[in-house]
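Structural features, examined
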Amino acid sequence: KDIPGTSAISPGSSKECAPDTESPSGAGEADYCRRILVRDAKGTIREIVLPKGLDLDRPKRTRTSFTAEQLYRLELEFQRCQYVVGRERTELARQLNLSETQVR
């Protein structure tokens, strides 16, 4: 895919995704590799080789928006103890109406 304004990364030196040296067109490339084209800030188009298992089309998880009260309580707890675990985490999550993962 051609993605304008994206920083380009040089193809990795991984032998797993490198084209087969016997095949000049790369047709012998492993079937678990995916090639994409990106355009860097200068407009140069580069090819990147990635594992096909990397799901680039999956939508990103939405970032949690904490309320001012939630942030205040989380910061207080962090100052008191940087790692809230167990029952304390469960209780804090319940009080703030968040999941334990969000409190973590």
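See the structure shown above.
Residues numbered from 1 in each chain as written. Predicted model: local features only at pLDDT ≥ 70, side-chain atom pairs only at ≥ 80, totals over all residues. Heavy atoms only, no water.

Overview of the pattern of salt bridges
- Scanning the entire structure with this criterion turns up 5 salt bridges.
- Of the charged contacts, one joins Asp-40 and Arg-46 as a salt bridge, the two residues approaching to 3.4 Å between their closest N and O atoms.
- Given a relative accessible area of 40%, Arg-46 falls into the partly exposed group.
- The partner of Glu-88 in a salt bridge is Arg-80, with the nearest N and O atoms 3.4 Å apart.
- If you follow the salt bridges from partner to partner, you end up with Glu-77, Arg-80 and Glu-88 in one network. (Salt bridge = Lys/Arg side-chain N within 4 Å of Asp/Glu carboxyl O. Buried < 20%, exposed > 50% of the residue type's maximum accessible area, 1.4 Å probe, protein only.)

Topic: the pairing of strand β2 (residues 45-51)
- Bridge analysis of strand β1 (residues 33-39) against β2 gives 7 bridges, and the strand direction is antiparallel. What sits directly across from Arg-39, in β2, is Ile-45.
- Adjacent in sequence and paired antiparallel, β1 and β2 are bridged by 5 residues, among which Gly-43 carries a positive phi angle near 90°. (Pairing = 2+ DSSP bridges. Helix = DSSP H or I, 4+ residues; strand = E, 2+ residues; numbered from the N terminus.)

Thoughts on unusual backbone geometry
- For Asn-97, which is not a glycine, the phi torsion comes out positive at approximately 60°.
- Residue placement: Asn-97 occurs in the loop between α2 (86-96) and α3 (100-103).

Some thoughts on helix α1 (residues 68-80)
- Spanning 13 residues, α1 covers 18 Å between terminal C-alpha atoms, matching the ideal 18 Å at 1.5 Å per step.
- Every buried residue belonging to α1 is among Gln-70, Leu-74 and Glu-77, and all of these are buried. Along α1, the residues classed as buried sweep out an arc of 65° about the axis, all on the same side. Those residues of α1 that are exposed and angled more than 90 degrees off the buried face are Ala-68, Glu-69, Tyr-72, Gln-79 and Arg-80.
- Contact partners of the buried residues in α1: α2 and α3. (Expected span 1.5 Å × (residues − 1). Arc of directions from axis to C-beta. Contact = heavy atoms within 4.5 Å.)

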